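# Chains, contacts and geometry: an overview
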Amino acid sequence: MITIDPANLIGPSEQIRAQLAAMIRSGELAADAKLPPVRQLAGDLRVAAGTVAKAYKELEGAGLVRTGRANGTRVNPGQLLKTELLADVRLLAQRARADGLGLEELQKMVETAWNSSLPGVPKAL
Amino acid sequence: MGNLIPIIAIVGFAVVLIVVLRRDLLPQRRKSLTNSMLGAGNDRQQAERIVQTLRRRNLAAVIVAVLGGVAALVLHQAFIKSGGLTLVAAPAAIWVLVVLVLICWPIPYEPKAGSVSTGTRVSAGLIPRTTSMFGPAWGLVLPLVLFTVSILGIVVAGILSSTDDRGLYRQISFQSANEAVVDENMVVTQNIMGVSSTGPFPGWYYGLPVAILLVLGLLLTMLALNKNTRRPSLRGESLVEFDAAVRTHNGYVLSSGFSAFLCLQAVPLLWMVATAVYNMSQRATYIVGQKVDEGASAEVSYDPWQVAFSWSLGGLGVLMLIVGIVLLGYLISWVLSAYGAGAKSHNAQLGSPA
């Protein structure tokens, strides 16, 4: 499931792209899994079809998905992130839950850390 | 007396339908829409609004179907020379009207204006929705098979049909030996092969309007099923199950409804063919050497193969009528589930009090 937050400064297309990319990289969306048609996802998320189409196009440009005329949009195989980062992220999520943090708080913390780009910040988390 | 037959047929039809429904002869796997209404506040209000819409449109569809049936009877009485065309085409025409009501009365997917702020987060699942996901497993296969067979049958019957005295393609011609040559002593010297015709036969006169209505019915049903799939999902996370229940409800109503009316549409056509084939099977042949006195008649014999074929077609018509009634009962059960009628059986399945 993906979510669009209208209050987020990032545009809806980028929110869709980022969440789908994260799902593909983490293996939540398996190889060859079919993504919903552009119109379905756009209708469900209450955004224009062009917004979803743009996100799909960017994912296709990044090699994460492929679009065929009859087959729709499918996840390309071999996109699973094979670094320790995935395990670290899962651990981070577990620790945040254990500490009673909500998803939004954790996201803000990661965002702050990302923006400041200070070495050692992830360790502090 | 002639007017009594359709009334008796309709009453009998209604009695069988009521027995099918009251005796629980249909599988009770429906989940009541009212039982799927979880959540509270705005979500609950939206679910109730959707159920109310479903009830109203289903009721409107039933009223339109009944009015369509009455209109077919009235038109038949008004245009008696039409040879029962309005009655023959009634099932397909009624379904077209019903599905038009269902298409033109959309199910709301947004809460009432003002009850949701523009800044609300929106979520969406990533499973592609397809038409076959909502409705019975036979939801597309059965109506498509019935439709194809019906159209093929109509085309074959149309090709075989011949014109009547008004030039309408509602007869079938066949070779017969119903005439004989007699000599001056009125003794039969030979039988003459001639061309006879019998009817009513579902030729182009009946077949073409029915085929057009069936094609229209198929296109509209596919459009309605497509709209049911494409309709945006509901906003609230507590409405995910309810959203699927509404789509399933619609899928079952459309699939079972179209299948039921296809079966019922086949009944008059099959019975017309069966009657025509039975008439064709009769042979009134004179015996050569027989003296034709005043009042003498030819010996009537029946072609056993044609008799068997006509009875088979008649039996198939009865079978289609039974399947049609059962599917109609199935459709009504689904329609009633929007009124909370399915709550009892669902609760019984779960082992909780109703």
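Residues numbered from 1 in each chain as written. Chains lettered and ligands numbered in written order. Predicted model: local features only at pLDDT ≥ 70, side-chain atom pairs only at ≥ 80, totals over all residues.

### Quick notes on the overall build of chain B
Scanning chain B from terminus to terminus reveals nine helices and six strands. At a minimum sequence separation of 6, the contacts of chain B that also span at least 24 residues come to 79%. (Helix = DSSP H or I, 4+ residues; strand = E, 2+ residues; numbered from the N terminus. Contact = placed C-beta atoms within 7 Å.)

### Focus: the confidence of the model for chain B
Residues and elements named next belong to chain B. Residues at a pLDDT of 70 or more form 85% of chain B, whose mean pLDDT is 85. Ignoring residues within four places in sequence, the model shows residues 341-354, a span with pLDDT below 50, making 19 contacts including any to other chains. Scored as a complex, the prediction yields pTM 0.81 and ipTM 0.75. (pLDDT = per-residue confidence, 0-100.)

### Points about unusual backbone geometry
All names here are of chain B. The residue after Gly 199, namely Pro 200, is reached through a cis peptide bond having omega 0°. Position of Pro 200 among the secondary structure elements: in the loop between strand 4 (188-198) and helix 6 (204-230). A positive phi angle, close to 65°, is found at Met 186, a residue other than glycine. A count of 12 C-beta atoms within 10 Å places Met 186 in the exposed class. (Buried ≥ 20, exposed ≤ 12 C-beta atoms within 10 Å, placed from the backbone.)

### Quick look at the interface of chain B and chain A
Taken together, the contact pairs 14 residues of chain B with 20 residues of chain A. Considering each element in turn, the side of chain B that touches chain A owes the most residues, three residues, to strand 1 (residues 122-124) of chain B. Among the residues making up the side of chain B that touches chain A, the classes are represented as six nonpolar, five polar and three charged. Note: strand 1 (residues 2-4) of chain A against strand 1 of chain B, three bridges, orientation antiparallel. Paired with Ile 4 of chain A across the strands is Val 122 of chain B, a residue of strand 1 of chain B. (Nonpolar A, V, L, I, M, F, W, Y, C, P; charged D, E, K, R; others polar. Pairing = 2+ DSSP bridges.)

### Here's the deal with the environment of Asp 183 of chain B
As for its placement among the helices and strands, Asp 183 of chain B is situated in the loop between strand 3 (169-182) and strand 4. Separated by 108 residues in sequence, Asp 183 of chain B and Lys 291 of chain B place their C-alpha atoms 9.5 Å apart.

### A short note on the nonpolar core
Residue and element names in this part refer to chain B. Counting 69 residues, the largest nonpolar core has Ala 92, Val 273 and Leu 331 as its most contacted members. Broken down by secondary-structure element, the contributors of at least two residues to this core are helix 2 (41-78), helix 3 (85-88), helix 4 (90-104), helix 5 (141-160), strand 3, helix 6, helix 7 (240-281) and helix 8 (304-337). Aside from chain neighbours lying at most four places away, what touches Ala 92 is Val 210, Leu 213, Leu 214, Gly 217, Phe 261 and Gln 265. (Core = buried A, V, L, I, M, F, W, Y, C linked by C-beta atoms within 7 Å.)

### Overview of the packing of helix 5 of chain B against helix 7 of chain B
All names here are of chain B. Interaxial distance between helix 5 and helix 7 falls to 9 Å at its minimum, and their mutual angle equals 25°. For the element pair helix 5 / helix 7, the angle class is roughly parallel. Pair helix 5 / helix 7 crosses with left-handed handedness. Where helix 5 approaches helix 7, its residues Leu 142, Pro 143, Leu 146, Phe 147, Ser 150, Gly 153 and Ala 157 are matched on the opposing element by Ser 255, Phe 258, Ser 259, Leu 262, Cys 263, Gln 265, Ala 266, Leu 269 and Val 273. Along the lines of polarity and charge, the residues of the contact of helix 5 with helix 7 split into eleven nonpolar, five polar and no charged. (Axes fitted to C-alpha atoms, helices over the stretch in contact; angles between N-to-C directions. Parallel < 35°, antiparallel > 145°, perpendicular 65-115°, else oblique. Left-handed = near helix turned anticlockwise from the far one by under 90°.)

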